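# Coordinates in review
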Amino acid sequence: MSADMQPGGAAFAIAADVRAGRRSAVSVVTGVIADIEARDTRFNSVTRILGPAAVAQAEDVDRAVAAGRDPGPLAGVPFGVKDLFDVQGEVTTAGSIVLRDNLPASRDAAVVARLRAAGAVPVATLNMDEFAYGFSTENAHTGTTRNPHDPACLAGGSSGGSAASVAAGLLPFALGSDTNGSIRVPSSLCGVWGLKPTYGQVPLQGVYPFVASLDVVGPMASTVEDLQAVYTIMADRSPMALPDVGSVRVARLGGWFASNISPEMAAGIDAVMAHLGGDRVIELPEVARARASAFLITAAEGGNLHLPRLRLRSMQYDPATRSRLMAGAMLPAATFVQAQRFRRWFRARVHEALAQADVLVAPITVGVAPRIDQPAIIVDGKSVSARANLGIFTQPISLTGLPVLAVPLVVAGMPLGIQLVGAPGAEDRLFAVAAELQRAGLAACRPLGAGYARKDS
């Protein structure tokens, strides 16, 4: 067994079977493609199936196994990528028709190349909010991604296709991006594991940009073991030795992070804290201003990135995306500078909190996924747009660049998730706490179908 892979994950099971010759990579990949074709019509998580290229790579994996060569720790494991990662030979659209006439990518994004080198096989590109600007994966060009646990509900965004494909059991893991919560929000609403790594720790080469000072990419998976294994390959780091969870100091974020949450979310966090033995509550200052700063930085950087194209092709944008980008491009420079100054101050306050606790626990969303026909949530007694406001608890944390692990709670009914926040580079502590919550039965993904688990006949 490769040191990168941890027993217990669906990806581990596939790779172990392929490496041992019990299954062929081709049968795994073709089976997953057939499953996507048969079932994804309900969810709309996939935008393109990479059939011929995926089968060709799977054949290479099988030839390596037959020749006695190491096929890699993720041998034959299928995965999908949010449609802003370059995949060689494919046009990277970032969820928009604005880019559909671009030339195909000449090479893979850096993290896709690392996963290929480890034997994993990209089989699909996945739906998203246009240019990653939204929390709901409601896309005027590619349609809305539906939540596998209830197709009448949103999957969240902007990495909604990634979360839904894992939650539906179509793929054991998928790649997403997180600027203001775009991995964490859909992970919570779809009930999957997700990781926003420390800012700058995973390369962004070959990933279509949104907000350079906030953008991060990371994995989403059906088990914490797979999440950890995929992350170590994406970050090109040695396998982690997790600390004893008993030595990890845990505290709950109060104040802003304790308001507006549903009774089910509050009960879930209570259960987690009771199990971990953490009774400390930490309240961060000026969280509302931190969220506003994240909004302003996002709008300004995103708007100015798109301004040249907006001047030429604005009517091709999703109307909701277009209006927000244009508004951001018109923000005064002084507003952006002030937001960045506040960001530095707030980050220092969060680091002070992390001197008191190694892991901070907070909700990801106010509650379960909103309905597609009623895409709103209640904040401070008012109904507000889900597309713009599902990140109420993720945006302030994004401002800091800290690593955050999304944990799917074991709850009755629709999924809920919490975020574990750690110090820069301290992903090992987050994984230690997450693994303990999974072991204790407080956290788990409930994938539907899991067609990738079929054996060769």
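It should be noted that the structure appears before, not after, this text.
In this text the structure is predicted, and so the values were computed from the model without any measurement.

## Concerning the sheet that holds strand E9 (residues 250–253)
Spatially, eleven strands are ordered E1-E3-E2-E6-E8-E7-E14-E15-E11-E9-E10 in an open sheet, and the strand pairing comes out mixed. On the outer flanks of this sheet lie strand E1 (46–49) and strand E10 (281–282), each paired with one strand and no other. Of the strand pairs in this sheet, E9 and E10 are connected by two bridges, and their pairing is parallel. What sits directly across from Arg252, in E10, is Val281.

## Topic: the pairing of strand E2 (residues 78–82)
With five of its five residues buried, E2 lies for the most part within the structure. The pairing of E2 with strand E3 (residues 121–126) spans five bridges and is classified as parallel. Bridged to Gly80 within E3 is Ala124. Crossover E2 to E3 through helix H4 (residues 110–117) is right-handed. Pairing analysis gives three bridges linking E2 to strand E6 (residues 173–178), with the strands arranged parallel.

## Some points on the environment of Leu115
Within the secondary structure, Leu115 sits in helix H4. In this structure Leu115 comes out as buried when scored by relative accessible area, which is 0%. Beyond its immediate chain neighbours, meaning those up to four positions away, Leu115 contacts Leu74, Phe79, Ala120, Phe173, Leu175, Val230, Ile233 and Met234.

## Considerations on the nonpolar core
Generally speaking, soluble globular proteins have nonpolar side chains that are buried together. Counting residues in each nonpolar core, the largest one holds 142 residues, and the members touching the most others are Phe85, Leu115, Leu175, Leu405 and Leu420. Excluding residues within four positions of it along the chain, Leu420 makes contact with Val359, Leu360, Val361, Pro403, Val404, Leu405, Val407, Leu430, Val433 and Ala434.

## Here's the deal with the pattern of salt bridges
All told, the structure shown has 17 salt bridges when counted by the stated rule. Of the charged contacts in the structure, one is a salt bridge between Arg439 and Glu436, with a shortest N-O distance of 2.7 Å. Within this pair, Arg439 and its partner Glu436 are both found in helix H14 (residues 427–439), separated by three residues, close to a single helical turn. Residue classification places Glu436 among the buried positions, given a relative accessible area of 15%. What emerges from the salt-bridge pattern is a single network uniting Arg48, Asp83 and Glu90.

## Structural notes on the environment of Gly302
The topology assignment puts Gly302 in helix H9 (residues 287–313). Taking relative accessible area as the criterion, Gly302 reaches 0% and is therefore assigned buried. What Gly302 contacts, discounting residues up to four positions off in sequence, is Phe210, Val211, Ile297 and Leu325.

## A word on the side chain of Thr298
Mapped onto the fold, Thr298 is located in helix H9. You can call Thr298 buried: its relative accessible area is 2%. If we skip the residues at most four places from it in the chain, Thr298 touches Tyr133, Asn180, Phe210, Val211, Leu214 and Gly303.

## Description of the packing of helix H7 (residues 224–234) against H14
Between H7 and H14, the shortest axis-to-axis distance is 10 Å and the interhelical angle comes to 160°. With respect to H14, the element H7 is oriented roughly antiparallel. By crossing handedness, the relation of H7 to H14 is classed as left-handed. Contacts between H7 and H14 pair Val224, Glu225, Leu227, Gln228 and Tyr231 from the former with Glu427, Phe431, Ala434, Ala435 and Gln438 from the latter. A per-class count over the contact of H7 with H14 returns six nonpolar, two polar and two charged.

The rules behind each value
Residues numbered from 1 in each chain as written. Predicted model: local features only at pLDDT ≥ 70, side-chain atom pairs only at ≥ 80, totals over all residues. Heavy atoms only, no water. Pairing = 2+ DSSP bridges. Helix = DSSP H or I, 4+ residues; strand = E, 2+ residues; numbered from the N terminus. Buried < 20%, exposed > 50% of the residue type's maximum accessible area, 1.4 Å probe, protein only. Right-handed = clockwise from strand over helix to strand, strands pointing away. Contact = heavy atoms within 4.5 Å. Core = buried A, V, L, I, M, F, W, Y, C linked by side-chain atoms within 4.5 Å. Salt bridge = Lys/Arg side-chain N within 4 Å of Asp/Glu carboxyl O. Axes fitted to C-alpha atoms, helices over the stretch in contact; angles between N-to-C directions. Parallel < 35°, antiparallel > 145°, perpendicular 65-115°, else oblique. Left-handed = near helix turned anticlockwise from the far one by under 90°. Nonpolar A, V, L, I, M, F, W, Y, C, P; charged D, E, K, R; others polar.

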